[in-house]
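The residues making up each chain are set out below.
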Amino acid sequence: MKEKSTKLRLAMLIAIALTSGAMARDAVVGRESGSAIRARVVDLVNDARSKARRCGSERFAAAPPLGVSRKLDEAAAGHARSMARKNFFDHRGRDGSQPRDRVLRTGYEFRLTGENIALGPESAEEVVAGWLASPGHCANIMEPRFREIGVGLATGRGRGKIYWVQNFGAPRTG
């Protein structure tokens, strides 16, 4: 009986250690730098794009990886900060701007742009999983015409007030 109890405790400790290790690898807000979290979001998005998938009723083939755009990062970070500071959650900015307006303000010239936003997830893994589970957000991630991505996040007041923004772009070419 004592041997069973010892084995059970050992198994539980191993399970806890394995679970803790998996969670430690997640890019969690407050535990990792903002740049590490943004890079993890890009990695997760590119991993998702590397496989064919269904977004709701729409099927997508695998798509090429996205490159990071400093200007799209700037647009995403600005909107995330605005939502956090002004305590709102919407694609439309408090100044009336739409995603395309904020992208244009950075000087990014595009032929196509898109935006995903989220409120609450505490890690890169959680936010990307949520976007992939939502047909419209998933379709933005899988859109093969997009070539670049920018990611922003900001923390508002209160628990669960983490604002995430992804901007996607297909740059206008000469």
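Just so it is clear, the model here is predicted, and its values are computed rather than measured.

Caption draft 1: The arrangement of the overall build of the protein chain in detail. Counting secondary structure elements, the protein chain contains six helices and six strands. The buried share among the 174 residues of the protein chain stands at 40%. Residue pairs in contact within the protein chain that sit at least 24 positions apart in sequence constitute 69% of those at least 6 positions apart. Just so you have it, the protein chain exposes about 10,000 Å², and 54% of that area is on carbon and sulfur atoms.

Caption draft 2: View of the sheet that holds strand β4 (residues 110-119). In space, the four strands of this open sheet follow the order β3-β5-β6-β4, with mixed pairing throughout. In the strand order of this sheet, the two ends are held by β3 (67-68) and β4, each with one partner. Taken together, the eight bridges between strand β5 (residues 148-155) and strand β6 (residues 162-171) define a ladder with antiparallel strand orientation. Its bridge partner being in β6, L153 is matched across the sheet by W164. Where helix α3 (residues 70-86) meets the sheet, it contacts β3, β4, β5 and β6, and its direction lies at approximately 25° from that of β5. Its contacts with the sheet put helix α6 (residues 135-142) on β4 and β6, and the angle it makes with β4 is roughly 135°.

Caption draft 3: Fine view of the nonpolar core. One finds V41, W131 and W164 to be the most contacted residues of the largest nonpolar core, which totals 25 residues. The set of elements that each furnish at least two residues to this core consists of α2 (34-49), α5 (124-133), α6, β5 and β6. Broken down by element, this core gets its largest block of residues, six residues, from α2. Apart from residues lying up to four places away in sequence, V41 is in contact with A124, V127, V128, W131, V151, W164 and Q166. Judged by nonpolar contacts, the second largest core, of nine residues, contains A76, A80, M83 and I117.

Caption draft 4: Region of interest: the state of the cysteines. Under the criterion given, the structure shown has one disulfide. A sulfur-sulfur separation of 2.0 Å characterises the disulfide bridge that pairs C55 with C138. Disulfide C55 to C138: torsion about the S-S bond roughly -50°, handedness left-handed. On the criterion of sequence distance, the pair formed by C55 in strand β1 (residues 53-55) and C138 in helix α6 is long-range, its members being 83 residues apart. Side by side, C55 and C138 carry an identical accessibility label, which is buried.

Caption draft 5: Representation of the packing of α2 against α5. At a closest axis distance of 9 Å, the pairing of α2 and α5 adopts a crossing angle of 35°. Both α2 and α5 take part in a crossing whose hand is right-handed. Taking contact as the criterion, the partners of I37, R40, V41, L44, V45 and A48 in α2 are, on α5, A124, E125, V127, V128, W131 and L132. Tallied by class, residues from the contact of α2 with α5 come to ten nonpolar, no polar and two charged.

Caption draft 6: Structural view of a positive patch on the surface. A cluster of basic side chains, namely R81, R85, K86 and R94, defines a positive patch on the protein surface. The residue R85 is located in helix α3 in this model.

Rules used in this analysis
Residues numbered from 1 in each chain as written. Predicted model: local features only at pLDDT ≥ 70, side-chain atom pairs only at ≥ 80, totals over all residues. Heavy atoms only, no water. Helix = DSSP H or I, 4+ residues; strand = E, 2+ residues; numbered from the N terminus. Buried < 20%, exposed > 50% of the residue type's maximum accessible area, 1.4 Å probe, protein only. Contact = heavy atoms within 4.5 Å. Areas by Shrake-Rupley, 256 points an atom, 1.4 Å probe, with all protein chains shown as cover. Pairing = 2+ DSSP bridges. Axes fitted to C-alpha atoms, helices over the stretch in contact; angles between N-to-C directions. Core = buried A, V, L, I, M, F, W, Y, C linked by side-chain atoms within 4.5 Å. Disulfide = S-S within 2.5 Å. Left-handed = near helix turned anticlockwise from the far one by under 90°. Nonpolar A, V, L, I, M, F, W, Y, C, P; charged D, E, K, R; others polar. Patch = residues over 30% accessible without salt bridge, like charges linked within 9 Å, V, L, I, M, F, W, Y side chains within 5 Å. Salt bridge = Lys/Arg side-chain N within 4 Å of Asp/Glu carboxyl O. Lys, Arg positive; Asp, Glu negative; His and termini not counted. Charge placed at Lys NZ, Arg CZ, Asp CG, Glu CD.

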